[in-house]
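Secondary and tertiary structure notes
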Amino acid sequence: MPTFVYMTKCDGCGHCVDICPSDIMHIDKTTRRAVNIEPNMCWECYSCVKACPNQAIDARGYADFAPMGHSVRVLRDEERGTISWRIKFRNGTEKNFESPITTKPWGEFIPKLAEEEVPTEDDKNSQLLYTEPNGLNIQTGLPKMKKMKFKQGVYY
Amino acid sequence: MLFTNPFAVLSVSVPSIAMQLFVITMILLVAIGTMMDIVHKKNVKYFFENAKKAKKQAKRTLETGEKASILIKTIGSDILTTAELGVGKRRVAHLLGMYGTIIFWISSAIMIFGYTSSNSNTPSYLPFLWHFGSLMTCIGGYWFWFFLRVDVAAEAHPWYRLIQADLFVLSLVITSTLALIWSFLQFYHIDGWDTLFLALFGLSNLVLFGGVYWSKFAHIFYKPGAAIQKNLAEADESRDNLPLPSNKPKQFGLGIKRESPKHY
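Residues numbered from 1 in each chain as written. Chains lettered and ligands numbered in written order. Predicted model: local features only at pLDDT ≥ 70, side-chain atom pairs only at ≥ 80, totals over all residues.

Describing the overall build of chain B
A tally of regular secondary structure across chain B gives 10 helices and 0 strands. The order of α-helices and β-strands along chain B, N terminus first, is α-α-α-α-α-α-α-α-α-α. For the C-alpha atoms alone, the extent of chain B along its principal axes is close to 70 × 45 × 35 Å. Buried positions account for 27% of the 264 residues belonging to chain B. (Helix = DSSP H or I, 4+ residues; strand = E, 2+ residues; numbered from the N terminus. Buried ≥ 20, exposed ≤ 12 C-beta atoms within 10 Å, placed from the backbone.)

Written out as C-alpha cells, the structure is:
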C-alpha cells in the first residue's frame, strides 16, 4: 500500500523526505509540498506516515485486496512512544491497534561501525556477512538443521 | 530614514493617485490569481467535499457555541501563531515573515492612501513600522531560503537552485529587500539609483502579486480554512479517520524526542 500526501495538510517540513529509506519522498517543484514521486518503488515501510507531524500522509490500498471504501490511518505519539493504527473496513468495522515505537531508549544500541576492525581479505571472501558471527550472536557457527527435520517435500 | 515616509517623498514626482491605483491593481491581481487557482486546482471543491464526508462520519453534532470556541482557538493557535509548524526554527522564521509582511503591507496601504498628499504629515511610527516589517520579512525569508528549505537542508540541493515553488518566498523577500534599498537611496538623495530601485521595487511587486496563480501565495487563504476543518473534525470525533490518541502512558518505553530532519 504505497503512500500519498494530502496537500492541504502538508506544510513541506521535510520529515518524510529525510526518513524515506527508498528516497522517493520529495518536495514538489511547484507547490513545495511533499510528494511520493514513485509509488511503485514504495517499500510500504510507513516511516513517512509515522514521521509526519501533520498526519498529512496516508496509505492507499491496492484495489485487488483492499477495494474501495477502506482506510488505514496511523498516529505517532512520541511522548508515550506509541504508534496507534486505525483500520476501517468497508463494511464499517473498525479496528484499533497500539504498539510500541521501541522498547529501548532512543539512541542506544546503535552499532558503532567506525570503531570496528577493518575486514581482511579473508573476511571479504567469506560466506559470512560483516560482523558475523558476533553480530548475530552465533559464535558457534550458523545454525544447521538435519535433513530429517525438514518437512516432506523440501528435501534438496 | 526609518522615520521618513518614502511614498510622501515620492509624491513629489509621482502623483498619489498613481500610487493608489497601483495598490488597487495589486489587490485585483491577487483576487484574480486566487480565483484562477481555485478553478484550476479544484482545491476548494475538494475541501468542501472532504468536509461533507467528515460530517457524515461525525459521531457527535457540535453546538454553535462549541463551533465558535473551536474557531477562536484555531485563530489563536493555528492561524496567529502557526502552531502547525510545531516548535522550532521553521515556525520562528514563518512568524517573522508572516508578521513582517502583514505590517509592511498594512503600513504601505495606510501611507499611500492617507499620507501622500502635499499637506499631509505622516506620524513617525508608520514609516518605522514599514521599515521594521520589511526587515522582519527579510530576516525570516532569508533564513528560510538559505537554511531551512527542505531542498537545501534535506535534499542537498544548493541554495541558488531555483524552482517554481520558490516564486512566492523569493518574490516576497526580494520585494522587502528592494523596498529597504530604495528607501535608503531616496533618503540619501542618490539620484538615478533611487529611480532604478523604485522601478525594481514596482516590478517585484508585480511578480509577487501577479504571480499568484503560479506561486504559493494563495496558501495565505487556504491554510486557515484547512486548520479550522482539522480542529472541527477532531471535535466531532470524525478525526479524519485517524485513530484515537494513545491512552497508555509510559507503558511502552521512554518516548522519543524527534530529530530534526537534517542528516546531510
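Focus on the overall build of chain A
The helix and strand tally for chain A stands at 3 helices and 7 strands. Secondary structure elements of chain A, listed N to C terminal, follow the sequence β-α-β-β-α-β-β-β-β-α. Counting across all 156 residues of chain A, residues that qualify as buried make up 25%. Taking contacts inside chain A between residues at least 6 apart in sequence as the whole, the part at least 24 apart equals 43%. (Contact = placed C-beta atoms within 7 Å.)

What about the nonpolar core?
Core analysis: the biggest nonpolar cluster contains 23 residues, and A:Cys16, A:Val17, A:Met25, A:Ala34, A:Cys48, A:Cys52 and A:Ile57 have the highest contact counts within it. Contributions of two or more residues to this core are made by helix H1 (15-19), strand S2 (25-27), strand S3 (34-36), helix H2 (47-51) and strand S5 (71-77) of chain A together with helix H7 (150-153) of chain B. No other element matches H2(A), which puts 3 residues into this core. The residues touching A:Cys52, leaving out its near neighbours within four places in the chain, are A:His15, A:Cys16 and A:Ile57. (Core = buried A, V, L, I, M, F, W, Y, C linked by C-beta atoms within 7 Å.)

With respect to the confidence of the model for chain B
With 93% of its residues at a pLDDT of 70 or more, chain B has an overall mean of 87. In the predicted complex, the global pTM is 0.76; the interface-specific ipTM is 0.70. (pLDDT = per-residue confidence, 0-100.)

A few points about the pairing of strand S7 (residues 94-100) of chain A
Counting buried residues along S7(A), only 0 of its 7 residues qualify, which leaves the element largely exposed. In this antiparallel pair of consecutive strands, strand S6 (residues 82-88) of chain A and S7(A), the connection spans 5 residues, and A:Gly92 shows a positive phi of 100°. (Pairing = 2+ DSSP bridges.)

Let's talk about helix H10 (residues 219-235) of chain B
Helix length check: H10(B) (17 residues) gives 24 Å between terminal C-alpha atoms against 24 Å at 1.5 Å per residue, within 8%. Of all the positions in H10(B), only B:Ala226, B:Ala227, B:Leu232 and B:Ala233 are classed as buried. (Expected span 1.5 Å × (residues − 1).)

Concerning the environment of B:Ile27
Residue and element names in this part refer to chain B. Positionally, Ile27 belongs in helix H2 (residues 16-41). C-beta crowding within 10 Å serves as the criterion here: with 11 such atoms nearby, Ile27 is assigned to the exposed category. Each C-alpha atom of the pair Ile27 and Ala153 lies 34 Å from the other, and the pair is 126 residues apart in sequence.

Side note on the environment of A:Glu98
Looking at the element boundaries, A:Glu98 is found in strand S7. In the structure, A:Glu98 is positioned 12 residues away from A:Arg86 in sequence and 8.9 Å away in space, judged by C-alpha atoms.

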